[in-house]
Amino acid sequence: MLNSSLEVPITPDGDRRPHVIAVVGTGPRGLAALERLACRLAGRTLPRPVEVYAVDDHTPGSGRIWRTDQSPLLLMNTPAGDVTMFSGPPDGTAPPGPGAGPSLAEWWAAAEPGVGGAHAYAGRALYGRYLEFVFAAVRRGMPPGTALHPVRARVERMRRRAGGWNLTLDDGRVLAADQVVLSTGHGKPLPRGDTRRLAAFAREKGLVHIAGDSAADLPLDTVPAGSTVGVIGLGMAFYDVVSLLTEGRGGRFEHDGAGLRYLPGGAEPLLVAGSRSGVPIPARGVNQKPPEYTYTPRLFTLERIAALRAAGRIDFARQVLPWLRAEMGLVHHATALRALRGAGASWAYTEAAVRAALHETDATPGAAPDEVVTRVAAAHGLADAAPVDLAAWARPFRAASFPDRDSFERALTGHLEDDLERAVRGNVTDPHKAAVEMLRVLRHVLRAAVDRCGLTPRSHRDDFLGDFAPLCAQLSSGPPVFRVQQVLALIRAGVLRIVGPKARFTADPDSGRFVASSPLVAGEPVLLDALVDARIPVPDVRADSSPLVRDLLGQGTVTSYRNTWDGDVFDTGGLAVTDAPYRPVDARGRAAEDVCVTGIPLENVRWFTQVGSGRPGVRTDFTREADAVARALADAAAWPGHGRQRPAHGVDAAAPGPAGSQTRHPAPRASVTSQGREHVEQH
């Protein structure tokens, strides 16, 4: 209940006062928890009314990241047919509500007939409209005795009271809640390191420096027309920034005989972009799979990971990565053989390669399974078979050098054209894109190895987050084909210049400007009038500027999770929590039994929490996380009076621990759909 004071509101009938649940942050993760909560409460016998408050400083449902007033140029990078926020399929007999409703593609077809499609990419603002539609459907579908109330406000403080929490809002009101869900999403980080130094230089010299947020929230209108602007990063946000500074400034693309041609609008700047790889994230292969498609791995399996975890902490580079590369190689070579010799030859190769990889690794510990599947492919007639090399695929110019910018630009445009050809062939037909697709398909297996300290601290920090995660993001998070076509058109029009591999963006006191350069491309550095950091901020609660997060950390109510083992410590920057339903652990090692945390605040405790939807017909990790939280909330509403706090060690908590401790974690189990199939997540 909302109150203007810190006193807990009591209704006249005392023990019949409502049970109050506050969900703080109602973007996709908070919305998913609300949808599952409505399902979990349905049919329950509740001892008192349940009042649910959805608190967000933006519109509940869409939240900040997916708000509906952002530019239509900003797109999702998942086909609309693969996106849903309903945890079950539509039943066709009732209005959409908790547990059943249309996918994004189905809703889009009704909202804008003839515009989208299952394989189309919706705008981020359009997805925000869908999220608001889902929120309204959930609100209408709350079961008898319950109600869902949107609250447009920001929670700034959270203090324990007898029987629950007082949440102080930015307008001075107080929400007294029995249960709280923290689903605060993408935070705005405090500037650190080079970012802070570059910002200070910009203030001193009167330059434009923009950093630290999603593209929709960057003040790009401060970039002057005709200026030379550096863009740090060539990932997904790079495509957004480039689009806003070109099409968003009045430019347009038109088709000519060879592809796209860019016609400047006259207000765009000259863009000078770069990253470690020197290559924009490659295009996502055209989707050739139905939304309900699932893939059962043959070598990189949950059972293999469970056995590794049962034996102790895992070395990712030595024990996990070779099996992932083997699975990717299996798919790559089988796809190539299917095109070369037919489906029968592809099947025969797959069976032979699986047998050989399992036999040789059993007989010779340390044998490389990725090399085995490649050798078998060569024996089956694939003469150019080579092991999967993620570093070479993600950074094709890492060992090259160029005598001038023109030679690098020719090499880059040739590489992008080749990638486009592969992407157009599709994620089933093209061997390379089919193999890269495994990085999305097998995220659930990777999570089983990594989540909640499956890895040693060193391997977690260096092998996984330091080496593998950037390569994985570079290869698997790509935009639709036309975005790369646009980049090529902008390069040819002279509006966009890619600096080169190992790009550097620095301050030059002599000229009073920023400078962009690449040590692998000869030529004078490029002087810049402005600098835009187009890298998605890495989630880290220690650097979150949110008043609520700062308050919770300062009070010791929540803590950053440290991966601790054998004298080594890695502070992950994710919130320390228990196993599902993800109770936060305080500075004294106690788990709050009346609070759950979901989504991005858990990044690096769990992996890849950025996924913002479920998949139609497949129960993904996104939905399972929401359901675990919802079940805990529904249980508390049905059986009030349980303990509010308990020592975290009894629930396998992801809590800070002394150096050298070796907390054991239960081995993960394979998740099974209602049809008995092992499911996968493929966003």
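Being a predicted model, the structure only gives us computed values, none of them experimental.

### Section: the overall build of the chain
1) Next: From N to C terminus, the chain includes 17 helices and 23 strands.
2) Next: Relative to the globule expectation of 26 Å for 683 residues, the C-alpha radius of gyration of the chain, 26 Å, shows essentially globular dimensions.
3) Next: By principal-axis analysis of the C-alpha atoms, the chain measures approximately 80 × 65 × 60 Å.
4) Next: Burial analysis of the chain (683 residues in total) assigns 57% to the buried set.
5) Next: Restricting the contact set of the chain to residue pairs at least 6 apart, pairs at least 24 apart contribute 74%.
6) Next: For the chain, the exposed surface amounts to about 26,700 Å²; the carbon and sulfur share of it is 52%.

### Some thoughts on the packing of aromatic side chains
1) Next: Overall, the coordinates contain 17 aromatic pairs when judged by the stated rule.
2) Next: For the ring pair F253 and Y262, a centre distance of 5.0 Å and an interplane angle of 55 degrees mean the geometry is tilted. This pair shows no difference in class: F253 is buried, exactly as Y262 is.
3) Next: Between the aromatic rings of F316 and F464, the centroid separation amounts to 5.1 Å while the plane-to-plane angle is 80 degrees, which identifies the pairing as edge-to-face. One end of the pair, F316, is in helix 7 (residues 316–341); the other, F464, is in helix 14 (residues 457–476), and 148 residues separate them in sequence.
4) Next: Clustering of aromatic rings is evident, with ring pairs tying together W66, F86, W107, Y127, Y130 and F133.
5) Next: For R124, the ring lying beneath its charged end belongs to W66, and the centroid distance is 4.2 Å.

### Focus: the sheet that holds strand 17 (residues 526–528)
1) Next: Spatial strand order, 15-16-17: three strands in an open sheet with antiparallel pairing. Pairing within the sheet leaves two strands with one partner each, and these edge strands are strand 15 (504–508) and strand 17. Strand-to-strand twist across the sheet, computed as the mean angle between neighbouring axes with direction ignored, equals 35 degrees.
2) Next: The pairing of strand 16 (residues 513–517) with strand 17 spans three bridges and is classified as antiparallel. Pairing of A516 across the sheet is with V526, part of strand 17.
3) Next: Relative to the sheet, helix 4 (residues 193–205) contacts strand 15 and strand 16, its axis offset from that of strand 15 by approximately 40 degrees.

### With respect to helix 8 (residues 343–363)
1) Next: If you check helix 8, its first and last C-alpha atoms are 30 Å apart, about what 21 residues at 1.5 Å a residue would give, namely 30 Å.
2) Next: Three or more residues of helix 8 are buried, namely S346, Y349, T350, A352, A353, V354, A356, A357 and T361.
3) Next: Close packing links the buried residues of helix 8 with helix 7 and helix 9 (369–379).

### What about the confidence of the model for the chain?
Close inspection of predicted coordinates is inappropriate for parts of the model with low pLDDT.
1) Next: Per-residue confidence for the chain gives a mean pLDDT of 90; residues scoring 70 or more make up 91%.
2) Next: Low pLDDT, under 50, characterises residues 4–14; the stretch is placed with 16 contacts to residues that sit more than four places away or in other chains.
3) Next: Taken together, the stretch residues 649–683 has pLDDT below 50 and engages in 114 contacts with residues farther than four places along the chain or on a different chain.

### So, the pairing of strand 18 (residues 530–533)
1) Next: In strand 18, alternate side chains face the same way, and those of A530 and V532 on one face and L531 and D533 on the other are all buried.
2) Next: Here strand 9 (residues 208–210) pairs with strand 18 via three bridges, running parallel. From the neighbouring strand, I210 faces strand 18, where its bridge partner is V532.
3) Next: Bridging between strand 10 (residues 228–232) and strand 18 involves four bridges; their strand directions are parallel. Looking at the pairing, V231 lines up with V532 of strand 18.

### Some words on the packing of helix 7 against helix 14
1) Next: Between helix 7 and helix 14, the least distance of the axes is 10 Å, while the angle of their chain directions is 35 degrees. Residues F316, A317, L321 and L324 of helix 7 touch helix 14, and the partners they reach there are S459, D463, F464 and F468.
2) Next: Per-class residue counts for the contact of helix 7 with helix 14 are six nonpolar, one polar and one charged.

### As for helix 2 (residues 104–111)
1) Next: Within the sequence span of helix 2, burial applies to L104, A105, W107 and W108. What you see down the axis of helix 2 is that its buried residues fit within an arc of 160 degrees, all on one side.
2) Next: Contacts made by the buried residues of helix 2 are with helix 3 (124–140).

### Concerning the environment of A632
1) Next: Looking at the element boundaries, A632 is found in helix 17 (residues 621–638).
2) Next: Look at A632 and you get buried, because its relative accessible area is 12%.
3) Next: Leave out the neighbours within four places in its chain, and A632 touches P581, R583 and C596.

### Side note on the sheet that holds strand 2 (residues 19–24)
1) Next: The strand order across the open sheet formed by five strands is 4-3-2-8-22, and the pairing between neighbours is parallel. In this open sheet, the two edge strands, each paired with only one partner strand, are strand 4 (146–152) and strand 22 (595–597). Neighbour to neighbour, the strand axes of the sheet diverge by 15 degrees on average, direction disregarded.
2) Next: Looking at chain direction, strand 8 (residues 179–182) and strand 22 are connected through three bridges and run parallel. Paired with V181 across the bridge in strand 22 is C596.
3) Next: Running at roughly 170 degrees to strand 3 (residues 50–56), helix 1 (residues 28–41) makes contact with strand 2, strand 3 and strand 4 of the sheet.
4) Next: Here helix 3 sits on the sheet in contact with strand 3 and strand 4, set at roughly 145 degrees to strand 4.

### Concerning the environment of L553
1) Next: If you trace the backbone, L553 turns up in helix 16 (residues 547–555).
2) Next: A relative accessible area of 24% means that L553 is categorised as partly exposed.
3) Next: C-alpha separation for the pair L553 and V541, spaced 12 residues apart in sequence, amounts to 8.4 Å.
4) Next: Excluding anything up to four places from it in sequence, L553 contacts V541, R542, V558, T559 and S560.

Conventions used here
Residues numbered from 1 in each chain as written. Predicted model: local features only at pLDDT ≥ 70, side-chain atom pairs only at ≥ 80, totals over all residues. Heavy atoms only, no water. Helix = DSSP H or I, 4+ residues; strand = E, 2+ residues; numbered from the N terminus. Rg over C-alpha atoms; globule rule 2.2 N^0.38 Å. Buried < 20%, exposed > 50% of the residue type's maximum accessible area, 1.4 Å probe, protein only. Contact = heavy atoms within 4.5 Å. Areas by Shrake-Rupley, 256 points an atom, 1.4 Å probe, with all protein chains shown as cover. Phe/Tyr/Trp six-rings, centres within 6.5 Å; stacked < 30°, edge-to-face > 60°. Lys NZ or Arg CZ within 6 Å of the ring centre and 35° of its normal. Pairing = 2+ DSSP bridges. Axes fitted to C-alpha atoms, helices over the stretch in contact; angles between N-to-C directions. Expected span 1.5 Å × (residues − 1). pLDDT = per-residue confidence, 0-100. Nonpolar A, V, L, I, M, F, W, Y, C, P; charged D, E, K, R; others polar. Arc of directions from axis to C-beta.

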